[in-house]
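Descriptive structure summary
These are the residues of each chain, in order.
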Amino acid sequence: MDEGLVVVKLSPDEYTQTNSGNKIFKNASIFGSQNIIIHGKSILMRDCMLRGDLTGIRMGKFCFIGERTLIRASHRKFSKGATMFPMHVGDCVIVEEDCVLVAAQIGSYTHIGKGAIVGRSSIIKECCKVEAGAVIPSDSTFPPFSVIAGNPARVVGRVPECTQELISQAAKELYESYVIQR
Amino acid sequence: MAELLQLDRILYECSCSEWAPLCRLFYCRHCSILRCHSCTANEIDCTFCGTCLENVAVGEARTRKNRCVNCYQCPICCSTLSAHNSGEAIFLSCSTCKWSTFESDIQQQATAGNWKILENPHEEELSCVLDQMKQYELNEKAQRDILKRRSNVVGSRLTDRFGLQQMYQKRKQALERPTWLAPEKEPITVLDELYDSHFTSIVDLSKSLSLESRIMQPLSRGSECRPIRMPLKGRRVLRCTQCTHNLSKLEYSPSSIVFKIQYFARTYVPEIRLWQETKLAEGGICPVFISVVNESVAKADVVLLANNDDSSLECETPVVEFSLPPHDENSDNLSHSISSLTPEDDTIILRKRNRVGLKLCVKVDEVREMNILSLILKWKNELTSMTSDKGQEWRETRVKVLLGKS
Amino acid sequence: MDAELQVHPRAVVCNESIITGSVTIGADSVVHPKAIIRATKGPIVIGERNLIEETALIENTNEDGAPLVIGDDNYVEIGAVVRARSIGSRNVFGIQCVVGAEVIVTDACSIGVRCSVLKRGDLAPRTCVYGEHNQRRTAAIDPEPPTSLLEVLRKVFPSYHHLKKATVSSA
């Protein structure tokens, strides 16, 4: 679909825009916001939850986090005990509704489908596509350009080579198409 | 949002008559035609492990049977195994099905990598036979070479000053038929008995491996399981079959997404997208809203005409001609960019930066599972050829739009 | 409602968790914000060193009003829905799993991500439910208890959340 021509109106009672251009649902559960760095022009939709209280979360530009999605950092167990690792989300990452992301790293230009669960400490490299309903086991790593599906998730295909430009455009168009009415 | 990036609804015809969405096509500027995966030559330029993303040289990969030494898969559910400490030793366990190396014969070891793999009991015999066959091959090759060379008799008279005597001896040896050194197998005369209990005994399926596990580990004989080494992955380089120029090549590192060479069709061909979901009602004329986007850095002149085939919907819109300005990175930031909402005519109803919105009228006469709208796309763009004068020629391709049920 | 909630002095229970009914939380346990514990049909007794993550739901749906007794060292992950009859120790309930009513979870079981256990009766010790089709197998070792993670959380939570006050309890 051509998001560049569609406009979705957001009510100013529910959504607010920050100085760096982030459009955030006012009642989103954001814990520990001092540890959350969003580089700008991102959209956090209704009822999403970001747990910055456990450890830091860094998101790039033009990210889109769908409704009711939960983002929290993961931990890794060492012989001396557990440590919480900060979570890195790249630029232009499109996350659809109802996802649970406990990953260590989600690369830029990734598209995560509805209801996907990304396991603890997993690493998803750039330009990947996670199909709807995929369940990614903990500690797994996926190379760039993979299509990930299934429970437990495996690489089932390759995304087109021009994914970086496709998703980068789609993310920018998505950001522009959501307009907070004045 | 739900229909984000529905890439498979619009198909372009490649020069080899295959239909593919534009994002999966490439454009060869030297030949000035579209190419798809079927009409390009694939080469593997990099072998790497998908889990540790470490580059493995092709030769090393071959000796390791295309497996990574450090990363392991669970034999039950194929997820990645993670290493854990238990006191001094290290064991591997799966986070999905909780299989651990305690269930295999090697329970723990000192290092995280280099777990022993199951061995083929016939390995030694097979390699012996293989060596033997290689000797036969050399022998047969030497016999064929006799016809090419002159007589060998001369060599016996020469002195060994130039090492010719050695060469002669070697050649003479190669001509001898080698003896069979590998072990010989005796045919079996006594077979195992087949008892009724083989058919009537109850099998506990929960203890036996699934079919998928058995296929992944053929040497396991259904019960022993060891961690399976992760198979390596290969990365492709695409090359045009006609002019042998590279169409797509990534940088060296396995985790890189930067292209050294990229000739994606999107940057040379105007992209047609569905603007809104079309509802086709039987009997009557329905509007179909599409948009045409110019992703290249040069201006494009576009002509769109209907191609009324037997199998496609009849499109009543006449020929549409328009020109699209180039794609400009900087203008992305203007959310209030100039977009004219007043329709220029019945067909072009919206113009915004490098895209136009079009309304096409199609006539739906019967109920069909999949309605297809066929169009012919002609475009002129100075980037479509390496030489600037040829770039002013019109290029043409057919486009299929899959509209769904009526 | 809160008057029926009994929290051990060493437990860390966030104010933003949604706890209704008679619930007892044992020593060293941690309850994340937005976790839901509902003692609908009867009381819930949670033992020591349990970790209950956000959006997890623990509900007592025992028809006879018997208390739902949860042992020690259990790890209830994000979005899990647990309505079992009783729960032993050292179990792991994966993300968005479903445990139905009248299921008796014993010890060291591991219920995978998005799996469901609905059949009434015992779940044998060290049972592991995994995969799309709820396949089962028996593991050789216990799953790892969340002890080290609990330590980290007990240190971090007081700086970011208001906690429910401890009640002096004899349990």
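Residues numbered from 1 in each chain as written. Chains lettered and ligands numbered in written order. Predicted model: local features only at pLDDT ≥ 70, side-chain atom pairs only at ≥ 80, totals over all residues. Heavy atoms only, no water.

What about the sheet that holds strand β15 (residues 98-99) of chain C?
Residue and element names in this part refer to chain C.
- On the basis of which strands lie adjacent, the open sheet formed by six strands has the order β3-β6-β9-β12-β15-β18 and parallel pairing. The strands lining the two open edges of the sheet, one partner per strand, are β3 (18-20) and β18 (116-117).
- In this sheet, strand β12 (residues 81-82) lies alongside strand β9 (residues 57-59) in parallel orientation, the contact comprising two bridges. Paired with Leu57 across the bridge in β12 is Val81. (Pairing = 2+ DSSP bridges. Helix = DSSP H or I, 4+ residues; strand = E, 2+ residues; numbered from the N terminus.)

Some words on a negative patch on the surface
- A cluster of like negative charges, contributed by Glu282, Glu314, Glu316 and Asp365 of chain B, occupies part of the molecular surface.
- Tracing the backbone through its elements, the reader meets Glu314 of chain B in strand β16 (residues 314-315). (Patch = residues over 30% accessible without salt bridge, like charges linked within 9 Å, V, L, I, M, F, W, Y side chains within 5 Å. Areas by Shrake-Rupley, 256 points an atom, 1.4 Å probe, with all protein chains shown as cover. Salt bridge = Lys/Arg side-chain N within 4 Å of Asp/Glu carboxyl O. Lys, Arg positive; Asp, Glu negative; His and termini not counted. Charge placed at Lys NZ, Arg CZ, Asp CG, Glu CD.)

What to know about the side chain of Gln217 of chain B
All names here are of chain B.
- Here Gln217 shows up in the loop between α5 (211-216) and β10 (228-240).
- Note on Gln217: relative accessible area 8%, which makes it buried.
- Excluding residues within four positions of it along the chain, Gln217 makes contact with Pro75, Leu118, Glu224, Cys225, Arg226, Pro227 and Ile228. (Buried < 20%, exposed > 50% of the residue type's maximum accessible area, 1.4 Å probe, protein only. Contact = heavy atoms within 4.5 Å.)

What to know about empty space enclosed by the protein
- A complete count under the given rule lists three cavities of 30 Å³ or more for this structure.
- There is about 40 Å³ of room inside the second largest cavity.
- Its residues placed into classes, the lining of the second largest cavity shows eight nonpolar, one polar and no charged. (1 Å grid on protein atoms, 1.4 Å probe; cavity = no way out; pocket = protein on both sides within 12 Å on 5 of 7 lines; lining within 4 Å. Points joined across faces, edges and corners; volume = space filled by probe spheres on them. Nonpolar A, V, L, I, M, F, W, Y, C, P; charged D, E, K, R; others polar.)

Overview of the state of the cysteines
All names here are of chain B.
- If you walk through the whole model with that rule in mind, you get zero disulfides over all chains.
- Cys14 carries a free sulfur, and the closest cysteine sulfur to it, the one in Cys39, is 3.5 Å from it.
- This cysteine, Cys49, is not joined by any disulfide, and Cys52 carries the nearest cysteine sulfur, 3.5 Å off. (Disulfide = S-S within 2.5 Å.)

With respect to the pairing of strand β24 (residues 154-158) of chain A
Residues and elements named next belong to chain A.
- Judged from the four bridges that link them, strand β23 (residues 146-149) and β24 form a sheet pairing that is antiparallel. Bridge assignment links Ala149 to a residue of β24, and that residue is Arg154.
- Count of turn residues in the β23/β24 antiparallel hairpin: four residues, of which Gly150 carries a positive phi of about 100°.

Here's the deal with the interface of chain C and chain A
- Contact residues are listed per partner, giving 25 residues for chain C and 26 residues for chain A.
- Of the roughly 2000 Å² buried between chain C and chain A, counting both surfaces, carbon and sulfur atoms make up 63%.
- Remark: the boundary between chain C and chain A carries three salt bridges.
- Across the pair Glu54 of chain C and Arg51 of chain A runs a salt bridge, and its minimum N-O distance is 2.8 Å. (Buried area = accessible area lost by both parts, 1.4 Å probe.)

Brief notes about the confidence of the model for chain A
- Confidence in the prediction of chain A, expressed as mean pLDDT, is 90, and 97% of residues score 70 or more.
- No element of chain A has a lower mean pLDDT than strand β1 (residues 8-10) of chain A, which averages 83, and none a higher one than strand β18 (residues 117-118) of chain A, which averages 96. (pLDDT = per-residue confidence, 0-100.)

Some points on the interface of chain B and chain A
- Tallying the contact residues gives 55 residues for chain B and 45 residues for chain A.
- Carbon and sulfur atoms make up 57% of the surface buried where chain B meets chain A, a total of about 4100 Å² over both sides.
- At the boundary of chain B and chain A, one finds five salt bridges.
- In this structure, the connection of chain B to chain A is made through 10 residue pairs in polar contact (both at pLDDT 80 or more).
- When contributions to the side of chain B that touches chain A are tallied by element, the ones reaching two or more residues are β8 (81-86), β10, β11 (246-250), β12 (259-262), β13 (271-274), β14 (284-293), β19 (348-352) and β20 (355-364) of chain B.
- The leading source of residues in the side of chain B that touches chain A is β10 of chain B, at three residues.
- When its residues are assigned to classes, the side of chain B that touches chain A shows 21 nonpolar, 20 polar and 14 charged. (Polar contact = N/O pair within 3.5 Å; in protein donor to acceptor, adjacent residues only side chain to side chain.)

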